[in-house]
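If you want the building blocks of each chain, they are given just below.
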Amino acid sequence: MTSPYRSTDPLWWLLFSAGGVVAAFLFPVTVVLTGIAIPAGWLTEESLLALVRHPLARLYLFVLISLPLFHWAHRFRYALVDLGLGSLGRQKVLFYGAAGLGTLLAGWLLIRL
Amino acid sequence: MNREHLRVLPADWWLRKRSYSFFMMRELTSLAVAAYAVFLLALVATAAEAGSFTRFFEWLRHPVSVGLHLVALSMVLFHSITWIKLMPESLVVWRGEERIPGRLIAAGGFAGWIVVSVLVAFLALR
């Protein structure tokens, strides 16, 4: 199975893994913050806004949005094909493209904040 | 070689065995991961303007939001646990001539997960 072109697969696997690590280690606590701490009143509107605008939190949010989007793009692309839906080739452009757009949007919004 | 023309499995193969269903559930946790990333994007987008941020914050206190968060939390926890359990497969660590056992790597992963979570919660809520 030699390929005449240079594969981009290692890049997608790398982003998948990096996003998987970020989601595994940081998503549960962040979901608890937005889904439980806020309704419980542990975090006020003012403190959440101040937090989101903090430079370190912006970096945190950028990493938390971008890499997990690539994790989804890769895993879901293969899961759909495993379910007999769609094709790997078409979904490649669609899903990695969506993750790339999400990354650009996150960067733009966080810089402007 | 075109592997896309090699489909031989029936469409419901993943329902025919518990371990297959477990695998598919694990793969589909990526949907919750993407949904939450998009949610964070919305949070950042509203933070630029005071009025929209107030509305977004009010929505976070709504029972529907709490319910969606609990669904997301269960799927994200499923991802975390399965991911850390698989860490020994991808992370091979040697101490001199001696390979660190997989159980120790997974245990380190779980410990690290707890430490990082407590740290993030502390920084956000202090």
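Check the entry above for the structure.
Computed from a prediction, not measured in an experiment: that's the story for all the values here.

Draft legend 1. Region of interest: the overall build of chain A. Check the secondary structure of chain A and you find 4 helices and 0 strands. Taking 13 Å as the expected radius of gyration for a compact globule of 113 residues, we find that chain A reaches 17 Å, considerably beyond that expectation. For chain A, with 113 residues in total, the buried portion stands at 38%. When contacts within chain A are restricted to residue pairs at least 6 apart in sequence, those whose partners lie at least 24 apart make up 73%.

Draft legend 2. Main features of helix α3 (residues 63-90) of chain B. Residue and element names in this part refer to chain B. A rise of 1.5 Å per residue sets the reference length of α3, with its 28 residues, at 40 Å; its end C-alpha atoms lie 40 Å apart and thus fit the reference within 8%. Most pronounced at I84, the bend in α3 amounts to some 30°, and the proline P88 follows within four residues. For α3, the set of buried residues is H69, A72, M75, V76, H79, S80, W83 and I84.

Draft legend 3. Seen up close, the interface of chain A and chain B. If you look at the interface, chain A gives 47 residues, while chain B gives 42 residues. Broken down by secondary-structure element, the contributors of at least two residues to the side of chain A that touches chain B are α1 (9-37), α2 (45-53), α3 (55-82) and α4 (88-112) of chain A. For the side of chain A that touches chain B, the leading source of residues is α1 of chain A, giving 15 residues. Across the side of chain A that touches chain B, the residue classes break down as 34 nonpolar, 9 polar and 4 charged.

Draft legend 4. Region of interest: the packing of α3 of chain A against helix α1 (residues 18-46) of chain B. Interaxial distance between α3 of chain A and α1 of chain B falls to 8 Å at its minimum, and their mutual angle equals 150°. Between α3 of chain A and α1 of chain B, the crossing angle belongs to the class labelled roughly antiparallel. At the point where α3 of chain A passes α1 of chain B, the crossing takes the left-handed sense. On α1 of chain B, the residues that touch L61, L64, I65, P68, L69, H71, W72, R75, F76 and A79 of chain A of α3 of chain A are E27, L28, S30, L31, V33, A34, A37, L40, L41 and V44 of chain B. When its residues are assigned to classes, the contact of α3 of chain A with α1 of chain B shows 16 nonpolar, 2 polar and 2 charged.

About the thresholds
- Residues numbered from 1 in each chain as written.
- Chains lettered and ligands numbered in written order.
- Predicted model: local features only at pLDDT ≥ 70, side-chain atom pairs only at ≥ 80, totals over all residues.
- Helix = DSSP H or I, 4+ residues; strand = E, 2+ residues; numbered from the N terminus.
- Rg over C-alpha atoms; globule rule 2.2 N^0.38 Å.
- Buried ≥ 20, exposed ≤ 12 C-beta atoms within 10 Å, placed from the backbone.
- Contact = placed C-beta atoms within 7 Å.
- Expected span 1.5 Å × (residues − 1).
- Bend = angle between axes of the 7 residues up to and from the residue.
- Nonpolar A, V, L, I, M, F, W, Y, C, P; charged D, E, K, R; others polar.
- Axes fitted to C-alpha atoms, helices over the stretch in contact; angles between N-to-C directions.
- Parallel < 35°, antiparallel > 145°, perpendicular 65-115°, else oblique.
- Left-handed = near helix turned anticlockwise from the far one by under 90°.

Take it as geometry only, folks, not as evidence of what the structure does.
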